[in-house]
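What the coordinates show
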There are 2 protein chains.
Amino acid sequence: MKTFLDCIPCFFTQALRTARTVTDDEKVIKRVLDELGTMIKDISLDSSPPETGRVVYHLISEITGERDPYQEVKKNHIDKALSLYDSLKELVKKSNDNLLTAVKFAIVGNIIDLGAVREFDIEGEINGISESEFAISDYVKFKKCLEDADDILYLGDNAGESVFDKILIEEMKKPTKYVVRDAPIINDVTYEDAVRSGIDEVAAIISSGSDAPGVVLDLCSDDFKKTFRDAKFIISKGQGNYEALSEEKYPIFFLLRAKCPVIARDLGVTVGDIVLKGVNIQ
Amino acid sequence: MKTFLDCIPCFFTQALRTARTVTDDEKVIKRVLDELGTMIKDISLDSSPPETGRVVYHLISEITGERDPYQEVKKNHIDKALSLYDSLKELVKKSNDNLLTAVKFAIVGNIIDLGAVREFDIEGEINGISESEFAISDYVKFKKCLEDADDILYLGDNAGESVFDKILIEEMKKPTKYVVRDAPIINDVTYEDAVRSGIDEVAAIISSGSDAPGVVLDLCSDDFKKTFRDAKFIISKGQGNYEALSEEKYPIFFLLRAKCPVIARDLGVTVGDIVLKGVNIQ
């Protein structure tokens, strides 16, 4: 997905929010916005939002000196999600369709997103999700492809959400590679976050080789690109990965909640909708 | 009120919205955002938002070639408000406290604001306002000062809202000078808009001498500054005028609805609250 004009004010909102997480010094925060301002003319609308997001968050780190603004927040989100793990497993077990419930929980986890949404009510979301209908659902195809798959390439999104991913991985019962960002960016899941989430107990954790907040193939390592191209069954979590991959010609199931108007419009859904969309599936 | 860091993303949102009103050409709109970006470093947080807003909207006009992006929109808002005039007058007449009801309607009119709020439901607002309580109310002082006043200086805000102002002016029954912007800016009320609203039937229309979207005294004409300094009873409508005047040492009654988090915080109220606040009143 390309960068829309609407993304530009949003980059400023994100930069402001993130800089404030790191410092109270208004002069430093203003410098972040000043520098971001001078960068706007260099943003091509043909690049995807995660490509630009990466540059924006690097800028914040450079100016504030903080490499990982959301380190503590991520830990808290993971610990919160872990505290819900047993009850979520129980709900999956009791449900009529265990896989579908696990898919829905994996999407609930996607509400933990500091890029698009600042505040969220994870317990409220869990209670509401069972009745939520997908705005786009390729669940039948998803189930069929999963049955046929030898293994799964699972593109992680945010820390905390990763615990919900673990539950889905357990339910899918296939060898899985779980893809993390190569270095901290926003609250995206890194190797360390995935381990803290217990992903190492259910999947092989691999890096995309890039710290873009979305799997932008051009920025990924050659190793990862090979793994990606060879994969027969890819699950892509969240908006950042959708933005990066929506125009690629690979078979991917996108699992996400539409959290911003631009993505909702691109998908033809409304903000808040949950989506399980398969593309290039044969 | 100074410019807050939160105002900066908001300027981008406003610039995008306004540029889109004028053109569908993404390249032109992107140029507006590019140029605004390069301006950010020159924005002093010590200036008030209307001072910066003025520069932002000038930039949009320069790049798009459209001097008055909201000309048609303003006409529609005025005509819509005029169509409600008779029923509003009837409601004022039937109410227990005619002046208070007229004050509340004048604040309802303040929802017509394309700077802070894009969409509004004016009829819904009218129905709801009678039960709305002021978050800050200096109505007793207001009434007393009005009784003592020989005349009124009334600082207008938006076109359309101006029709609601007319109703309040009629209810106050004192000689009134109604202050308009000197040239079109956002959807703020100009001389032409005030006449279309019927203000000329109830007040003398005078210009602030400036096209800032708020009465920034430093930018106003000497004539206006003299009138302002000599005034004993000043009513200031809306956010832009509040932002421009909140730190001045003159006796002013601010009538507004808090429509953005920054102003709500500055006033110590919540977004959506209605306010009648007197400052420097003896």
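Since the model is a prediction, treat every value here as computed from it, not as a measurement.

Next up on the list: the overall build of chain A. Helix and strand content of chain A: 12 helices and seven strands. In terms of overall dimensions, chain A is globule-like: its C-alpha atoms have a radius of gyration of 18 Å, near the 19 Å expected for 282 residues. Taken along the three principal axes of its C-alpha coordinates, chain A extends 55 × 40 × 35 Å. Within the span of chain A, comprising 282 residues, buried residues form 60% of the whole. Taking the intrachain contacts of chain A between residues at least 6 apart in sequence as the baseline, contacts between residues at least 24 apart amount to 72%. With the model as given, the accessible surface of chain A reaches about 11600 Å², and the carbon-plus-sulfur share is 46%. The centroid of the 36 positive side-chain charges in chain A is displaced by 2 Å from the centroid of its 50 negative side-chain charges.

Let's shift gears to the pattern of salt bridges. One side chain can pair with another of opposite charge once the charged atoms of both are near each other. Residues and elements named next belong to chain A. Tallied over the entire structure, the rule returns 37 salt bridges over all chains. Across the salt bridge formed by lysine 226 and aspartate 230, the nearest N and O atoms sit 2.6 Å from each other. Residue lysine 226 and its partner aspartate 230 are both found in helix α10 (residues 222–230); the two are separated by four residues, about one turn of the helix. Among the residues examined, lysine 226 registers a relative accessible area of 53% and is labelled exposed. Its relative accessible area of 42% is what places aspartate 230 among the partly exposed residues.

Note on the identical chains: chain A maps onto chain B by a rotation of 180° and an axial translation of 0.0 Å, with an RMSD of 0.0 Å. The relationship between the two copies is best expressed as a two-fold rotation axis. The position closest to the rotation axis in chain A is occupied by the C-alpha of glycine 37 of chain A, lying 1.8 Å away. The fraction of interface residues of chain A whose copies in chain B are also interface residues reaches 100%, indicating that both copies meet through the same surface.

Another aspect to go through is the packing of helix α5 (residues 98–109) of chain B against helix α8 (residues 161–172) of chain B. Residue and element names in this part refer to chain B. Direction vectors running N to C along α5 and α8 enclose 165°, while the axes themselves pass 8 Å from each other. Considered as vectors, α5 and α8 are oriented roughly antiparallel to each other. Between α5 and α8 the crossing geometry is left-handed. Note on element contacts: α8 touches α5 through Glu161, Phe164, Asp165, Ile167, Leu168, Glu171 and Met172, opposite Asn98, Leu99, Ala102, Val103, Phe105, Ala106, Val108 and Gly109.

The next point concerns helix α10 (residues 222–230) of chain B. All names here are of chain B. If you check which residues of α10 are buried, you get Phe224, Lys225 and Phe228. Buried residues of α10 fall within an arc of 100° about the axis and therefore sit on the same side. Opposite the buried face of α10, by more than 90 degrees, sit the exposed residues Asp222, Asp223 and Lys226. Those residues of α10 that are buried lie in contact with β2 (152–155), β3 (176–180), β4 (204–207), β5 (234–237), α11 (238–245) and β6 (252–257).

The subject of this paragraph is the domain arrangement of chain A. Residue and element names in this part refer to chain A. Examined at the domain level, chain A breaks down into domain 1 (7–64) and domain 2 (71–279). Centre-to-centre separation of domain 1 and domain 2, based on C-alpha positions: 25 Å. On the domain 2 side, the residues contacting the 11 residues of domain 1 number 15 residues. Three residues, Arg17, Pro50 and Arg54, lead the burial of domain 1 against domain 2; their summed loss comes to 49% of the area buried on that side. Along the contact surface separating domain 1 from domain 2 lie one salt bridge. A salt bridge links aspartate 211 to arginine 54; the shortest N-O distance between them is 2.7 Å.

We now examine the pairing of strand β6 (residues 252–257) of chain A. Regular strands show a simple pattern: their side chains alternate between the two faces of the sheet. Residues and elements named next belong to chain A. Among the six residues in β6, six count as buried, and that is most of the element. The two faces of β6 match: Ile252, Phe254 and Leu256 on one face and Phe253, Leu255 and Arg257 on the other face are all buried. Strand direction decides the pairing type here: strand β5 (residues 234–237) and β6, joined by four bridges, are parallel. Residue pairing in the sheet places serine 236 in a bridge with phenylalanine 254 of β6. As a crossover connection, the stretch from β5 through helix α11 (residues 238–245) into β6 is right-handed.

Once that is clear, we can look at the side chain of lysine 30 of chain A. Summarising the element assignment, lysine 30 of chain A is placed in helix α2 (residues 26–39). Sequence-distant contacts of lysine 30 of chain A, defined by excluding residues within four places in its chain, comprise Leu5, Ile8, Ile40, Lys41, Ile43 and Leu45 of chain B.

Glancing now at the confidence of the model for chain A. Per-residue pLDDT for chain A has a mean of 94; in total, 97% of the residues score no lower than 70. Taken together, the chains of this predicted complex give a pTM of 0.91 and an interface ipTM of 0.89.

So, about the interface of chain A and chain B. On the chain B side, the residues contacting the 20 residues of chain A number 20 residues. Across the interface of chain A and chain B, roughly 1900 Å² is buried in total on both sides, 68% from carbon and sulfur atoms. Here chain A is connected to chain B by four salt bridges. We note a salt bridge from arginine 20 of chain A to aspartate 6 of chain B, for which the minimum N-O separation is 2.8 Å. At the surface where chain A touches chain B, the tally comes to eight residue pairs in polar contact (both at pLDDT 80 or more). Those elements that provide at least two residues to the side of chain A that touches chain B are α1 (7–22) and α2 of chain A. Looking at the side of chain A that touches chain B element by element, the count peaks at seven residues for α2 of chain A. Per-class residue counts for the side of chain A that touches chain B are 10 nonpolar, three polar and seven charged.

Calculation criteria
Residues numbered from 1 in each chain as written. Chains lettered and ligands numbered in written order. Predicted model: local features only at pLDDT ≥ 70, side-chain atom pairs only at ≥ 80, totals over all residues. Heavy atoms only, no water. Helix = DSSP H or I, 4+ residues; strand = E, 2+ residues; numbered from the N terminus. Rg over C-alpha atoms; globule rule 2.2 N^0.38 Å. Buried < 20%, exposed > 50% of the residue type's maximum accessible area, 1.4 Å probe, protein only. Contact = heavy atoms within 4.5 Å. Areas by Shrake-Rupley, 256 points an atom, 1.4 Å probe, with all protein chains shown as cover. Lys, Arg positive; Asp, Glu negative; His and termini not counted. Charge placed at Lys NZ, Arg CZ, Asp CG, Glu CD. Salt bridge = Lys/Arg side-chain N within 4 Å of Asp/Glu carboxyl O. Least-squares fit on C-alpha atoms with pLDDT ≥ 70 in both. Axes fitted to C-alpha atoms, helices over the stretch in contact; angles between N-to-C directions. Parallel < 35°, antiparallel > 145°, perpendicular 65-115°, else oblique. Left-handed = near helix turned anticlockwise from the far one by under 90°. Arc of directions from axis to C-beta. Domains from an automatic or database assignment. Buried area = accessible area lost by both parts, 1.4 Å probe. Pairing = 2+ DSSP bridges. Right-handed = clockwise from strand over helix to strand, strands pointing away. pLDDT = per-residue confidence, 0-100. Polar contact = N/O pair within 3.5 Å; in protein donor to acceptor, adjacent residues only side chain to side chain. Nonpolar A, V, L, I, M, F, W, Y, C, P; charged D, E, K, R; others polar.

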